[in-house]
Amino acid sequence: KAAAAEMKAKIADALTERLLETPSDRHLRRQLTLLDHAQITTVHSFCAYLLRENFQAAGLTPDFRVADEDEIAILRENILDELIESRYENRSTENEGFFMLVESLSAMRDDSRLRSVILETFAKLQSHPYPQKWISEMLTRSTEEKPLESVYGQILIDAILDRCYYAKKTLSAARETMRLYPSIEKAYGAAYTDDLSRLETLIRLLEERRWDEAAAFANGISFTRLSAVRGFDDPVLLDLIKAPRDAWKKMLGTFCRDYFGFTELQFLNDMRAVEPYSHALFSLVSEYMDRMDDEKRLRNILDFSDLEHLTVRMLLGDDGKEPTPLAGSLSCRYTEIMVDEYQDTNEVQDAIFHALSREGKNLFLVGDMKQSIYSFRLANPDVFLRKYMAYADNPAPGEPGRVILAKNFRSRQEVTEAVNYIFENVMSPTLGDISYGKEERLIPGAEYPASQDSCAELCLVETAEEDDLSGAEADAAYVAARIRDMLEQEYPVYDRTLGDMRPCLPEDFAILLRSVKSKAVLYETACARELQREKTLVRSCSTRRTLSF
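Residues numbered from 1 in each chain as written. Predicted model: local features only at pLDDT ≥ 70, side-chain atom pairs only at ≥ 80, totals over all residues. Heavy atoms only, no water.

Next up on the list: the packing of aromatic side chains. If you walk through the whole model with that rule in mind, you get 16 aromatic pairs. Residues Trp134 and Phe282 carry aromatic rings whose centres are separated by 5.6 Å and whose planes lie at 80 degrees to one another, so their mutual orientation is edge-to-face. One end of the pair, Trp134, is in helix H7 (residues 131–139); the other, Phe282, is in helix H12 (residues 264–299), and 148 residues separate them in sequence. By relative accessible area, which is 26% here, Trp134 ends up partly exposed. (Phe/Tyr/Trp six-rings, centres within 6.5 Å; stacked < 30°, edge-to-face > 60°. Helix = DSSP H or I, 4+ residues; strand = E, 2+ residues; numbered from the N terminus. Buried < 20%, exposed > 50% of the residue type's maximum accessible area, 1.4 Å probe, protein only.)

Right, dumping it as C-alpha cells:
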C-alpha cells in the first residue's frame, strides 16, 4: 500500500512540475484532478474494489468486510480444533486414513505436527486459482506405473544429476590444474581420469532414467588411494586439487546411503504405500476449506485469499476456461494494465490480470528474477519466468515481447560490478531459476563523480575464543565503529539534490539484515553506543525495521 501511495505521489509531483512550466495546459490540469480516482493499488485492494462493485455476481452481500489477520488466525485454529475432534469421533472405515495419518505424524503423542501440516498445505494451496479443484484432481489420481516419470521421480533424478554435474565441473577443473605441475599429474592424473570416467557413466545412466543400473553402478564405484607427492609441499594447491575429489566421494556415499539402496520397483511400492496418507491429508484439507468458507460466510467476512479467489471465479467462472461476460465488460475500462514487481505474483493473480485484459495484449509487466529471493507470501516466480523465457526481444506485430531493463540508476559502477560478479557465480536454473548471463547483467545508468574511495568491500570479522561477544554482536560492533569512523573522517558521498559531493551524515547509512527479529536490537545498541560519543541521534525507521543512522 505504501508503494502504491508513493507511486501516485510521484505522478502527482511530475504533473505539478509540468503544470508549472505550462500553467494553461487544461489537459494536465484534468489529469491531476483525475489522479485521485486512478486505480494505482495493490492486488488485494483492487480485488476488494471489484467485489464491492459487483457483489451480486460474486455471491456476496454489499456489507461484507475484510477481516484482519488476527481474527482469521483465531478462526482457523477454532475450525481446526472442531475438524480434528470430529475426525477422532468418527470410527467408520472411511476415516481409517485419518488415524493412519495421525500415527505417522505424531505417534499418537499430540496433534501439533498434524495441525501444522494441515495449515501449511492449506496455505500453499491458496496460490492455486481453484484449490478445491486441484485437490479433487489429486484425490482421483492413481499412482503412476513409471515412478521415475512421476513428479517425485523427476525431482529425485534432477537433484542427483545437479550434484553430479557440479562434481564433474570441479573434478575437471582440478584435473586441468594438475596439468601445470608434472609431479602432481604423474601421481594423481590417472586416478582423476578414472574418477571422471565413472562419474560420466553414472550421469549417462541417470539421464537415460536407467535407475537400477545406475544404482548398481554407483554402489560399485571405488576410489584409488592417493599418495603424497615428494618435493611438493604447497598445502593450498594440494587442497585445491584434493578438495573436489573428497567432496565427490562424500557426495557419492550420501547417494548410496539415501537413494541407491532401493530399486525402481521398491520406489513404486513406496509411492503406493504413501498414497493413503496423502489422500487422507487432502481429504482433511478439503474439509477444512469447506468449514472455513462456511464460517466466514456466516460472519460475512473475507480474508486476503478470498479476495483473489472470489475475483477469479467472478471473472473466469467455476471452470476457469473462458472469461465471463462481466470480465469482458470490465476489460473495456482499461486501455493498459500495468503490473509492477511481477516476479512476486502467483497463478491466481495472473489469472485475474489476463481475465481483465484483451487476451493479454494490453498487459505491461515489470519484474526481476533476482528479486524473487525475497519469497513474498505465495509468490510463484515461475509465472514471470515462463514469459521471460518465451517472449521475443523483437516480436512480430501483435505478438508478446520483452524489453530488457538492464540499466541501474541507483548505484555506482563499482557496486553493480560487485553484484554482477556474485550473481554470475551463484545463479543458475537450479539456484535462482535462471542463468545470470549477458542479458541479466546490471549496467550502471546514473552519473556519479569519479572517486578512488568508492568500492565494494567484503569485511570478515574475526573473533577470538576469549572474546565475550557472539558472532552477531561482533558484526554489529564492527559496523557501528565503521560508521562512526566514516562520520569522523567526513567520508564523501554524492548528494543528488546538490548534484555534488559532500561529507556523509548519519542519515546516509543503512544496515540491511537478512533477519531483523533477533539481530536488530544488537545493531541498535552498538550504533547507539558508538554514536553516543558524538552525540548523534540514532533513529530506527520503516516498518520493515531497516536501520538508518
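Let us look at the side chain of Thr416. Position of Thr416 relative to the elements: it lies in helix H17 (residues 413–426). Residue Thr416 is classed as buried on the basis of its relative accessible area of 1%. Discounting residues that sit within four places of it in the chain, Thr416 has contacts with Asn408, Ser411, Leu442 and Pro444. (Contact = heavy atoms within 4.5 Å.)

Quick look at the environment of Tyr334 now. Examined against the element boundaries, Tyr334 turns out to sit in the loop between helix H14 (325–331) and strand S3 (337–339). Under the relative-accessibility criterion, Tyr334 is labelled buried at 12%. Between the C-alpha atom of Tyr334 and that of Leu356, which follows or precedes it by 22 residues, the distance is 8.1 Å. Beyond its immediate stretch of four places on either side in the chain, Tyr334 contacts Gln39, Phe46, Leu50, Arg358 and Asn362. A distance of 2.9 Å separates polar atoms of two side chains, one belonging to Tyr334 and the other to Gln39. (Polar contact = N/O pair within 3.5 Å; in protein donor to acceptor, adjacent residues only side chain to side chain.)

Right, let's talk about helix H8 (residues 151–178) for a bit. Under the 1.5 Å per step criterion, the end-to-end length of H8 is 41 Å for 28 residues, consistent within 8% with the ideal 40 Å. For H8, the complete set of buried residues consists of Gly153, Leu156, Ile157, Ile160, Leu161, Cys164, Ala167, Thr170, Leu171, Ala174, Arg175 and Met178. Each element contacted by the buried residues of H8 is listed here: helix H9 (182–207), helix H10 (211–219), helix H11 (235–258) and H12. (Expected span 1.5 Å × (residues − 1).)

Here we come to the packing of H9 against H11. At a minimum axis separation of 12 Å, H9 and H11 run at an interaxial angle of 30 degrees. What the angle tells us is that H9 and H11 run roughly parallel. The two elements H9 and H11 meet at a crossing, and its hand is left-handed. In this structure, H9 contributes Ile184, Tyr188, Ala191, Tyr192, Asp195, Leu199 and Leu202 to the contact, and H11 contributes Leu237, Leu238, Ile241, Lys242, Arg245, Trp248 and Leu252. Partitioned by chemical class, the residues of the contact of H9 with H11 number 11 nonpolar, no polar and three charged. (Axes fitted to C-alpha atoms, helices over the stretch in contact; angles between N-to-C directions. Parallel < 35°, antiparallel > 145°, perpendicular 65-115°, else oblique. Left-handed = near helix turned anticlockwise from the far one by under 90°. Nonpolar A, V, L, I, M, F, W, Y, C, P; charged D, E, K, R; others polar.)

Our next topic: the confidence of the model for the protein chain. Looking at the protein chain as a whole, its pLDDT mean stands at 87, while 93% of the residues score no less than 70. Below a pLDDT of 50 lies the segment residues 536–549, which in the model reaches 39 contacts outside its immediate sequence neighbourhood of four places, other chains included. (pLDDT = per-residue confidence, 0-100.)

The grouping of Val151, Tyr152 and Ile155 at the surface amounts to a nonpolar patch, some 340 Å² of accessible area in total. For Val151, the location among the structural elements is in helix H8. Judged by relative accessible area, which is 48%, Val151 ranks as partly exposed. (Patch = residues over 30% accessible without salt bridge, like charges linked within 9 Å, V, L, I, M, F, W, Y side chains within 5 Å. Areas by Shrake-Rupley, 256 points an atom, 1.4 Å probe, with all protein chains shown as cover. Salt bridge = Lys/Arg side-chain N within 4 Å of Asp/Glu carboxyl O.)

A cluster of like negative charges, contributed by Asp318, Asp319, Glu322 and Glu359, occupies part of the molecular surface. With respect to the helices and strands, the residue Glu322 is situated in the loop between helix H13 (304–316) and H14. (Lys, Arg positive; Asp, Glu negative; His and termini not counted. Charge placed at Lys NZ, Arg CZ, Asp CG, Glu CD.)

What follows is about the pattern of salt bridges. This structure, assessed with the given rule, holds 34 salt bridges. In this structure, Glu71 engages Arg65 in a salt bridge whose closest nitrogen and oxygen atoms are separated by 2.8 Å. Between Glu347 and Arg386 there is a salt bridge, and its shortest N-O distance comes to 2.9 Å. Remark: Arg386 occurs in helix H16 (residues 382–390) and Glu347 occurs in helix H15 (residues 347–356); sequence separation between them is 39 residues. Exposure remark for Glu347: the relative accessible area of 28% places this residue in the partly exposed category. Connected through shared salt-bridge partners, Arg76, Asp293, Lys296, Asp303 and Asp306 make up one network.

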